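# Examining the three-dimensional arrangement
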Amino acid sequence: ATSYNVGMDASFWKGLLGFDLDIFKQRRSNILATRDLAVPAYTGLKLPSENLGIVDNAGFEFQVYHSKTISDVTYRIAGNLAYAKSKIIDIDEAQNVPAWQKAEGHMIGAQRFYKALGILRTQTDMDNNILYTGSKIGDLYYEDLDGNGVIDNKDMVMTDKTNVPQVTFGLNLSANYKGFTLWANFAGATKYWQYYHVNARIAINQLEDVILNRYTPGSMDSKYPRLPTLETQVEVSGLNSTFWMRDASYVKLKTMELSYDIPQRILSKVNVNALRIFANGNNLFTIDKLKWNDPENSSNTNGNYPQQKIFNLGINLTF
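Attention in this report is confined to the structure presented alongside it. On a predicted model such as this, the values are computed, not experimentally measured, just so you know.

Thresholds, definitions, all that
- Residues numbered from 1 in each chain as written.
- Predicted model: local features only at pLDDT ≥ 70, side-chain atom pairs only at ≥ 80, totals over all residues.
- Heavy atoms only, no water.
- Helix = DSSP H or I, 4+ residues; strand = E, 2+ residues; numbered from the N terminus.
- Rg over C-alpha atoms; globule rule 2.2 N^0.38 Å.
- Buried < 20%, exposed > 50% of the residue type's maximum accessible area, 1.4 Å probe, protein only.
- Contact = heavy atoms within 4.5 Å.
- Lys, Arg positive; Asp, Glu negative; His and termini not counted.
- Charge placed at Lys NZ, Arg CZ, Asp CG, Glu CD.
- Core = buried A, V, L, I, M, F, W, Y, C linked by side-chain atoms within 4.5 Å.
- Patch = residues over 30% accessible without salt bridge, like charges linked within 9 Å, V, L, I, M, F, W, Y side chains within 5 Å.
- Areas by Shrake-Rupley, 256 points an atom, 1.4 Å probe, with all protein chains shown as cover.
- Salt bridge = Lys/Arg side-chain N within 4 Å of Asp/Glu carboxyl O.

Further remarks concern the overall build of the protein. Secondary structure assignment for the protein yields three helices and 17 strands. Compactness check: the protein gives a C-alpha radius of gyration of 27 Å against a globular reference of 20 Å for 319 residues, more than 25% above the reference. If you line up the protein on its principal axes, its C-alpha atoms span 85 × 55 × 35 Å. In the protein, which comprises 319 residues, the share counted as buried stands at 32%. In the protein, once contacts between residues fewer than 6 apart in sequence are set aside, the share between residues at least 24 apart is 63%. Of the charged side chains in the protein, 32 are positive and 32 negative; the average position of the first set lies 8 Å away from that of the second.

Okay, structure coming up:
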């Protein structure tokens, strides 16, 4: 691994404004991997691991903060932002792979998907589009990337939308006033996607949004297509496609706390060194587009238990 870093820290006006900046780039080479992508699957060969492959990672981390005291009030605001993106430089791929399916030049974790163009709603739609074998009204239809008039696995495109956020950010707020302290922590991420394989079968639960807004015969405005009934990607609307890739960007109020420290002049009368009363909450609210699941969960299943809001009341007592 060869790494390069450039950093800068600065503070102005006696701490009123400050920032930290770190820019980095790293190249890893001779990565332990196999040449599976370079050998056709039908050969049945199981290749040994070799030192091959080159991957770059680059990005920056930035934090800015401001603090000030006005009379009896002291407050601090600190925000942070980080961006990181990987790029596969060399992975020893098969030479006959179409350019739009090569992993080289894409992020680690990038996968191939059919590019969904819409939902077939009428016979006219069926007649005017190139269709995947077995397509019916209500199914998704896809782009013919190689232009050969057939939709097959050569039309899948490598997509740089992974479940590892490229951008993360946060905001910390705090204020003190005569023994009262208020503190809050916000966190979020963007350029971040989750892929879900949605299906509906007898005796299998599914999201209410999907069931109520799925395609039914005659529907001209359904949000979702005719739902596949199998868990494997064999039905037309269940193929790995960009349609089922959901933007998982989010902002969360992770924690907020209000506390009060009883003045020492009162505690000294009862031989107590310190007494702090507090109330706090975790996972108080989330702003996101995903809705199907906790966006912070990196799993791509839609059956996970939702995040709980947790509230605490307590005291810290020191004799």
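There's more to say after this.
Moving on, we get to the nonpolar core. Tyr-142, Val-198, Val-210, Trp-244 and Trp-292 are the most contacted members of the largest nonpolar core, which totals 26 residues. Where this core is concerned, the elements lending two or more residues are β8 (116-119), β9 (140-142) and β13 (193-195). Those residues in contact with Tyr-142, other than ones at most four positions away along the chain, are Tyr-114, Lys-115, Ala-116, Leu-117, Ile-130, Ile-151, Val-236, Ser-237, Leu-239 and Ser-241. Within the second largest apolar cluster, five residues are counted, among which are Val-55, Ile-88, Ala-103 and Ala-110.

Moving on, we get to a positive patch on the surface. A cluster of basic residues, Lys-25, Lys-85, Lys-87, Lys-161 and Lys-191, forms a positive patch at the surface. On the accessibility criterion, Lys-161 (38% relative accessible area) is partly exposed.

Attention now moves to the pattern of salt bridges. Summed over the entire model, instances satisfying the criterion amount to eleven salt bridges. Between Glu-143 and Lys-115 there is a salt bridge, with the nearest N and O atoms lying 3.4 Å from each other. Taken together, the residues Glu-143 in the loop between β9 and β10 (157-159) and Lys-115 in the loop between β7 (111-113) and β8 connect sequence positions 28 residues apart. Glu-143 sits in the partly exposed class, given a relative accessible area of 25%. A salt bridge links Asp-139 to Arg-226; the nearest nitrogen and oxygen atoms lie 2.8 Å apart. Within this pair, whereas Asp-139 is found in the loop between α1 (123-128) and β9, its partner Arg-226 is found in the loop between α2 (208-212) and β14 (245-247), the two being separated by 87 residues in sequence. We classify Asp-139 as buried; its relative accessible area is 3%. Among the residues examined, Arg-226 registers a relative accessible area of 30% and is labelled partly exposed. Ionic contacts of the salt-bridge type, sharing partners, join the residues Lys-252, Lys-254, Asp-294 and Glu-296 into one network.

With that settled, consider the environment of Asn-128. Position of Asn-128 relative to the elements: it lies in helix α1. When its relative accessible area of 58% is taken as the criterion, Asn-128 is described as exposed.

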